[in-house]
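Coordinates in review
As a plain string of letters, each chain reads:
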Amino acid sequence: MASSDKAAMSSQGKVFWAVAGYMACSATLLIGNKLAVHMLPAPSFILWAQLAGTVVAVKLAHFGGAISHMDALEWPKAKAFFPVALIFVATIFSNMKSLEYANVETFMIFRFSTPLCVSVCDYLFLGRHLPTTRSWLSLFGLLVGAAGYALTDASFVVKGYAFCGLWYFIFCLDQVYLKHVTSTVKMESNWGRVFYSNLLASLPLMFMCLAEKDVILSASSDALLVVGGTVLLGAAMSYYAWMARSLVSATFFTILGNICKVVSIGINVTIWDKHATPFGIACLLFCLGAAYFYKQAPLRNQPPELPLSK
């Protein structure tokens, strides 16, 4: 086997490992978060615990020798990652406000249309070609499938356009800027990205936890144990998410996030909610089929990248 073929197989294996790890952790964390919020109704604290706990876990693993290379805290790197923290908190806030006015089914339509915008941003800001005709059809297929599922829900509502629009802008900015960071900020290892992003994002969330102090102080040991489990899952997901971001385009990563949403909805329907209609479930399967046929656009002025799907 030629060295180029070996390198190609190694690259494909790395992409598969990152994507599979991210999707597995994301789907598992959904179940963990739902259980954690049920046992401890303090979502801001749970999110902060996952971010701060990831920072502590990474540092302990480094001191214990489990992580050989670790980036030290340096101002130039912190300055580059500071917008990551701001965008993260802004995304959470706008997401909460959007769901205050529009239910989850309505919000899905906004979410599943983001790859269309991000693919154009990939072209304008990140040096990639525009998608092929097949990929455009795949992106529109994702949106049609999500809309079909949402419209089967009797509680579908359309309100709060301002907050949904604000979330849409911030979310697309998040996808593009974080990809930009992976390409331009030199880090010793992927764990460095995990450390910086979680550390900086955890700082402003500390203040959001103050409103939940009474609930936190009355938490049972079982609830705290479950939260601890979500911290480990969150650390793993953060690692795989940054790895995947560094290996695939911003559009492809956005699609991965949407597919995780489909898987999460499927788990939710199977375990907890039984209101989904056969047509709604068919729409979710249609989303998975549409995503399968997407092929990320190659970088301009460089050899075409390895295909990530058939």
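Residues numbered from 1 in each chain as written. Predicted model: local features only at pLDDT ≥ 70, side-chain atom pairs only at ≥ 80, totals over all residues. Heavy atoms only, no water.

Each packed pair of helices is defined by two parameters, the angle between the axes and the distance between the axes. Where helix 7 (residues 190–208) contacts helix 9 (residues 221–247), the axes come no closer than 9 Å and their chain directions differ by 120°. Judged by the sense of rotation from one axis to the other, the crossing of helix 7 with helix 9 is right-handed. Facing N190, W191, R193, V194, S197 and N198 of helix 7, the residues of helix 9 in contact are A235, S238, Y239, W242, M243 and S246. (Axes fitted to C-alpha atoms, helices over the stretch in contact; angles between N-to-C directions. Helix = DSSP H or I, 4+ residues; strand = E, 2+ residues; numbered from the N terminus. Left-handed = near helix turned anticlockwise from the far one by under 90°. Contact = heavy atoms within 4.5 Å.)

Taken from the UniProt record, the annotation "transmembrane region" (unreviewed entry) applies to residues 15–33, 45–68, 80–96, 138–171, 191–211, 223–242, 248–269 and 276–294. Between the C-alpha atoms that bound residues 80–96 the distance is 26 Å, and the span itself is 100% helix and 0% strand. (UniProt positions renumbered as here; feature names shortened; annotations may be inferred.)

Below, the discussion takes up the packing of aromatic side chains. In the structure shown here, the tally under the stated rule is 11 aromatic pairs. Between F81 and W242, the ring centres sit 5.7 Å apart and the planes meet at 55°, which makes this aromatic pair tilted. Here W242 lies in helix 9 and F81 lies in helix 3 (residues 75–101), a separation of 161 residues in the sequence. Of the two residues, F81 and W242, neither departs from the other in class, the shared state being buried. Geometrically, the ring pair formed by Y239 and Y240 is edge-to-face, given 5.6 Å between the ring centres and 75° between the ring planes. Each member of the pair Y239 and Y240 is classed as buried. An aromatic cluster of at least three residues, connected via ring pairs, comprises W17, W191, Y239 and Y240. (Phe/Tyr/Trp six-rings, centres within 6.5 Å; stacked < 30°, edge-to-face > 60°. Buried < 20%, exposed > 50% of the residue type's maximum accessible area, 1.4 Å probe, protein only.)

Judged by nonpolar contacts, the single largest core of 55 residues is most densely connected at Y22, F81, F112, L142, Y149, F253 and I255. For this core, the element with the most residues is helix 10 (residues 250–271), which contributes nine residues. Each residue touching F81, except ones within four places of it in the same chain, is listed here: V181, V185, M187, R193, Y196, S197, L200 and W242. In terms of nonpolar packing, the next biggest core, distinct from the first, is built from 12 residues, I46, A223, V226 and V227 among them. (Core = buried A, V, L, I, M, F, W, Y, C linked by side-chain atoms within 4.5 Å.)

Per-residue pLDDT for the chain has a mean of 86; in total, 88% of the residues score no lower than 70. The spread of mean pLDDT over the elements of the chain runs between helix 1 (residues 3–39), the lowest at 82, and helix 9, the highest at 95. Scored below 50 in pLDDT, residues 304–310 makes 21 contacts in the model with residues more than four places away or belonging to other chains. (pLDDT = per-residue confidence, 0-100.)

Along the chain, the position of L139 falls in helix 5 (residues 133–151). Separated by 26 residues in sequence, L139 and S113 place their C-alpha atoms 7.9 Å apart. Non-local contacts of L139, meaning those with residues more than four positions away in its chain, are made with P115, L116, S119, P131, T251, I255 and Y294.

Next up on the list: the pattern of salt bridges. Under the criterion given, the structure shown has three salt bridges. Close ionic contact of E74 with K77 constitutes a salt bridge, the shortest N to O distance being 3.9 Å. With a relative accessible area of 37%, E74 lands in the partly exposed category. A residue is classified by how much of its surface remains accessible, and K77, at 12% relative accessible area, is buried. (Salt bridge = Lys/Arg side-chain N within 4 Å of Asp/Glu carboxyl O.)

Between helix 2 (residues 43–63) and helix 9, the shortest axis-to-axis distance is 8 Å and the interhelical angle comes to 55°. For the element pair helix 2 / helix 9, the angle class is oblique. Judged by the twist between their axes, the crossing of helix 2 over helix 9 is right-handed. Listed contacts from helix 9 to I46, A49, Q50, G53 and T54 of helix 2 are V227, T230, V231, G234 and A235. The class makeup of the residues in the contact of helix 2 with helix 9 is five nonpolar, five polar and no charged. (Parallel < 35°, antiparallel > 145°, perpendicular 65-115°, else oblique. Nonpolar A, V, L, I, M, F, W, Y, C, P; charged D, E, K, R; others polar.)

We now examine the side chain of S138. Relative to the assigned elements, S138 resides in helix 5. A polar atom in the side chain of S138 sits 3.4 Å from the backbone nitrogen of Y294. If we ignore the near neighbours within four places in the chain, the residues touching S138 are A290, A291, F293 and Y294. (Polar contact = N/O pair within 3.5 Å; in protein donor to acceptor, adjacent residues only side chain to side chain.)

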